[in-house]
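Secondary and tertiary structure notes
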Amino acid sequence: MTKGVLEKYRSYLPLTDDTPMFSLGEGDTPLVKSRAIGEMVGCDELYFKLEGCNPTGSFKDRGMVVAVAKALEGGVTGIACASTGNTSASAAAYGAYMGIPTTVIVPKGHVSRGKLAQAIAYGARIMLIRGSFDHALDLVRDLTERNPIILVNSINPNRIQGQKTAAFEIVEDLGAAPDLLFIPVGNAGNITAYWMGFHEAFINEWTSTRPKMMGFQAQGAAPIVRGDVVPDPETIASAIRIGNPASWNSAIRARDESGGTIDMVSDEDILDAYKLMASREGIFCEPASAAGVAGLLKHARNGLEMEGKRAVCVITGSGLKDPDLANEIEPEWMEEYPPDVAAVEQALTVG
Ligand code: AN7
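A quick note: this is a predicted structure, and the numbers were derived from the prediction, not measured. (Residues numbered from 1 in each chain as written. Predicted model: local features only at pLDDT ≥ 70, side-chain atom pairs only at ≥ 80, totals over all residues. Heavy atoms only, no water.)

Let's shift gears to the overall build of the protein. The helix and strand tally for the protein stands at 15 helices and 10 strands. In terms of overall dimensions, the protein is globule-like: its C-alpha atoms have a radius of gyration of 20 Å, near the 20 Å expected for 351 residues. Taking the principal axes of its C-alpha atoms as reference, the protein extends roughly 65 × 50 × 45 Å. Buried positions account for 56% of the 351 residues belonging to the protein. Approximately 15400 Å² of the protein is accessible, and the part contributed by carbon and sulfur atoms is 49%. Separation of charge centres in the protein, based on 31 positive and 44 negative side chains, amounts to 6 Å. (Helix = DSSP H or I, 4+ residues; strand = E, 2+ residues; numbered from the N terminus. Rg over C-alpha atoms; globule rule 2.2 N^0.38 Å. Buried < 20%, exposed > 50% of the residue type's maximum accessible area, 1.4 Å probe, protein only. Areas by Shrake-Rupley, 256 points an atom, 1.4 Å probe, with all protein chains shown as cover. Lys, Arg positive; Asp, Glu negative; His and termini not counted. Charge placed at Lys NZ, Arg CZ, Asp CG, Glu CD.)

Moving on to the packing of aromatic side chains. Considering all chains together, one arrives at eight aromatic pairs under this definition. Measuring from ring centre to ring centre gives 5.1 Å for Tyr-12 and Trp-206, while their planes differ by 80°; the resulting arrangement is edge-to-face. You can see Tyr-12 sitting in the loop between α1 (4–8) and β1 (31–33) and its partner Trp-206 sitting in the loop between α9 (189–203) and β8 (212–218), a full 194 residues away along the chain. Note on Phe-168 and Trp-206: the rings are 5.0 Å apart at their centroids and 90° apart in plane angle, and the pair reads as edge-to-face. (Phe/Tyr/Trp six-rings, centres within 6.5 Å; stacked < 30°, edge-to-face > 60°.)

Viewed as axis vectors pointing N to C, helix α8 (residues 165–174) and α9 meet at an angle of 50°, and their least axial separation amounts to 7 Å. One finds that α8 runs oblique with respect to α9. Like other packed secondary-structure pairs, α8 and α9 cross with a definite hand, here right-handed. Within the contact between the two elements, α8 uses Ala-166, Ala-167, Phe-168, Ile-170 and Val-171 and α9 uses Tyr-194, Gly-197, Phe-198, Glu-200 and Ala-201. (Axes fitted to C-alpha atoms, helices over the stretch in contact; angles between N-to-C directions. Parallel < 35°, antiparallel > 145°, perpendicular 65-115°, else oblique. Left-handed = near helix turned anticlockwise from the far one by under 90°. Contact = heavy atoms within 4.5 Å.)

If you want it as C-alpha cells, here you go:
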C-alpha cells in the first residue's frame, strides 16, 4: 500500500497521535532528466519534477492531505477554498475520500474544463462567482471566519507544510539541493513551501547548499514583479491568473534569501514552452507549469550561465487539465484515411 505524504514525512509535519492517517497516493513524484531543453540552454543536468503525477493531477494534493487531516483532527464540519481550479479539484477529492462536505468558490468562466470536471465528479458544492480568484479568496476568508468551516487555501499553514515535501524529495533524489529551482508563481504558496523545504533539508544536513529560487509570473498577472496589486489579471495560464497573491511577502523572502529572482513571462513564451515540453520532452503540462520553463528559456537567452549547474523545473500540473487549449495546438500530422492498410502504408511512405 502506498505510504503517502503523511506517513512518509510524519516526523517533519505538524502531526499528533490524534491526526488521522490516510493517503490518495500523493507525493513520490518522478524527477525526470531533460533531453532537449537542457541542451538548448547549455545545462547538462536539468530535471523536471512531475507534480502532475499526483492523484488529482497537480502539486496541491501534497498540502491538501495535511490540511484535511488537521481539519479532521480538529473536528471539522466542512472545508472550503477559493481556486483557479487545481486547489478545488484537490479539496474536492480529499473531501470525498474522507466524507467531508467541500465547498469550492471559483471565478466563473476562468477555470479550465478538466479542473471543473474534477470538482463536479468528486461531488463538491461549486459556487461560481462573477469576479477574479482574488475576489473568491476574500469571500472564502470571510465565510470561514464566520462559520465552523476550515479554509484549505495555502494561507492555511498546513498546506505549505505538506507542499514542502516536494523539496525533500528533490534533495533525496539528487543527493543534494539543485543550484537553481524554476517554478511558476500564482498565489505564491508553492515557492514559499519549496523554500521552507530546502531550508529544512539544509538545517537537517541532507544538503549543504540551497538553490536560488527562480519564480515566474505571467506578464498580465505579475503583481510581485510590478510591486503592485493587479486589479484585472489576465493570462492564458488560468491557474496563475492572480492579482494579489496571499503569500506575497514570503515569496519575496524566498527570492531574497536564496539570491534568486521573481520575473515575468509573456503568454507567447508560456505557449512556446508548453508546446516544447510536450513535443520535445514528452511531458504534457498545463500552461501555468510551462511558465517556469519559459522563465528558464528567457533567462538563458538573456545570458544566465547554466553550464555546470544543476537545475530543476517544477512541473506543477497535467496538460489534460486544460483540453480546450490543448485542442488549439496545430497537429504536426493528422489526416483522414479509409480503413485500408495499403492507403495508410502509402501515406506513411510518401511522408
Ligand atoms: C498548475 O488552484 O492557485 O503560487 O487555486 O494550479 O502556490 O499559487 C493554483 C496555482 C502553479 C501557482 N501551477 O502556485 C488554485 C491555484 C499550477 C497551479 C500554480 C497553481 P501558487
